[in-house]
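Chain and residue survey
These are the residues of each chain, in order.
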Amino acid sequence: MDIGEKIKRLRTEKQLTQEELANRCELSKGFISQLENNLTSPSIATLIDILEILGTNLREFFADEVNEKIAFKKDDMFEVEDFDLGYTFKWLVPNSQKNDMEPVIININPGGRYKEEKPHEGEEFGYVIKGTICLYMGNKKLKVRKGESFYYKPKENHYLTNEGKTPAEVLWVSCPPSF
């Protein structure tokens, strides 16, 4: 681990100059410069002080950085099919339930529907890629066509149907994850 580089990155993220960080830690600007260039090493007490000013701690600072995956291929995606209800459901981001939002693609056959969900926290967004769907929210029924979208807070039971004669495809995003 490049301690100096990591301290420099944290300092610049906080928009602090070397002098500002040094003043807050009661150190010299020269010491911070040497530290960031790996020309000196801080004592544990000094490192704790620096990290506190930078909004972190020893455990977080030395935790192994995980290279978070950003782009996903078809092989990364997971799909399930419900023959009884007539839909397929594809998770676009593996393990997205650990994230703040969960994007999926749902394909609904003519006469099919997605299962009814109970009210829950968060917000949901959908964009109809092809076909037409009906969004049921409580006692309301809303028709959403290709190129149109929906956005709501799921405070009532809700589900999608395809009452048309052609397949429908919807990009659906739930925040927080609920699928």
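Position labels on residues start from 1 in each chain and follow its written sequence. With the structure being a predicted model, the display of local features is reserved for residues of pLDDT at least 70 and the display and counting of side-chain atom pairs for 80 or more, all residues being used for whole-chain, interface and lining totals. As a rule here, side-chain values cover all heavy atoms of the structure and leave hydrogens and water aside.

The chain is annotated in an unreviewed UniProt entry as Helix-turn-helix transcriptional regulator from Peptostreptococcus canis.

Structural notes on the pattern of salt bridges
Here, a salt bridge means any side-chain nitrogen of Lys or Arg that lies within 4 Å of a carboxyl oxygen of Asp or Glu. Taken as a whole, this structure holds five salt bridges when the rule is applied. Salt-bridge contacts for Arg11 lead to Glu36; the nearest nitrogen and oxygen are separated by 2.5 Å. With Arg11 in helix H1 (residues 3–13) and Glu36 in helix H3 (residues 29–36), this residue pair connects regions lying 25 residues apart in the sequence. Per residue, the accessibility class of Arg11 equals that of Glu36, and both read buried. A salt bridge links Lys153 to Glu123; the nearest nitrogen and oxygen atoms lie 3.7 Å apart. Placement of Lys153 in the loop between strand E7 (149–152) and strand E8 (158–161) and of Glu123 in strand E4 (residues 123–130) is noted, with a sequence separation of 30 residues between them. Judged by its relative accessible area of 44%, Lys153 falls in the partly exposed class. Each residue is assigned to one of three classes by its accessible area relative to the maximum for its type, calculated with a 1.4 Å probe on protein chains only: buried under 20%, partly exposed between the two thresholds, exposed over 50%. The class of Glu123 is partly exposed, set by a relative accessible area of 28%. Secondary structure elements follow DSSP: runs of H or I no shorter than four residues count as helices, runs of E no shorter than two count as strands, and numbering proceeds from the N terminus.

Some details on the sheet that holds strand E9 (residues 168–175)
The rule for pairing is simple: two strands pair if DSSP sees at least two bridges between them. What the six strands build is an open sheet, ordered E1-E2-E3-E9-E4-E7; its pairing is antiparallel. In this open sheet, the two strands that pair with only one neighbour each are strand E1 (78–82) and E7. Adjacent strand axes in the sheet meet at a mean angle of 20 degrees, parallel and antiparallel pairs treated alike. In this sheet, strand E2 (residues 87–91) lies alongside E1 in antiparallel orientation, the contact comprising five bridges. What sits directly across from Asp82, in E2, is Tyr87. Each axis is a line fitted through C-alpha atoms, taken for helices only over the stretch in contact, and angles between the N-to-C directions span 0 to 180 degrees.

Section: the packing of aromatic side chains
Ring pairs shown here join Phe, Tyr and Trp side chains whose ring centres sit within 6.5 Å, with only the six-membered ring taken for Trp; geometry is labelled stacked below 30 degrees between planes, edge-to-face above 60, and tilted in between. Overall, the coordinates contain nine aromatic pairs when judged by the stated rule. Judged by centre distance (6.2 Å) and plane angle (80 degrees), the rings of Phe150 and Trp172 are edge-to-face. Here Phe150 is found in strand E7, whereas its partner Trp172 is found in strand E9, with 22 residues between them in sequence. The two residues Phe150 and Trp172 agree in class, both being buried.

Here's the deal with helix H2 (residues 18–25)
Turning to H2, its buried residues are Gln18, Leu21, Ala22 and Cys25. Considered in projection along H2, the buried side chains sweep an arc of 100 degrees and stay on one side of the axis. For H2, exposure combined with an orientation more than 90 degrees from the buried face picks out Asn23 and Arg24. The contact criterion used is simple: two residues touch if any of their non-hydrogen atoms lie within 4.5 Å. Of the surrounding elements, those touching the buried residues of H2 are H1, H3 and helix H4 (44–53). Looking one or two places after H2, you find Glu26, whose phi comes out positive at around 55 degrees. Directions pointing from the helix axis toward each C-beta atom define the arc.

A word on the pairing of strand E3 (residues 102–108)
For E3, the tally of buried residues reaches six of seven residues, placing the bulk of the element in the interior. Sheet analysis places E2 next to E3, joined by five bridges and oriented antiparallel. The residue bridging Tyr87 from the neighbouring strand is Ile108, located in E3. Here E3 runs beside E9; their pairing, made up of seven bridges, is antiparallel.

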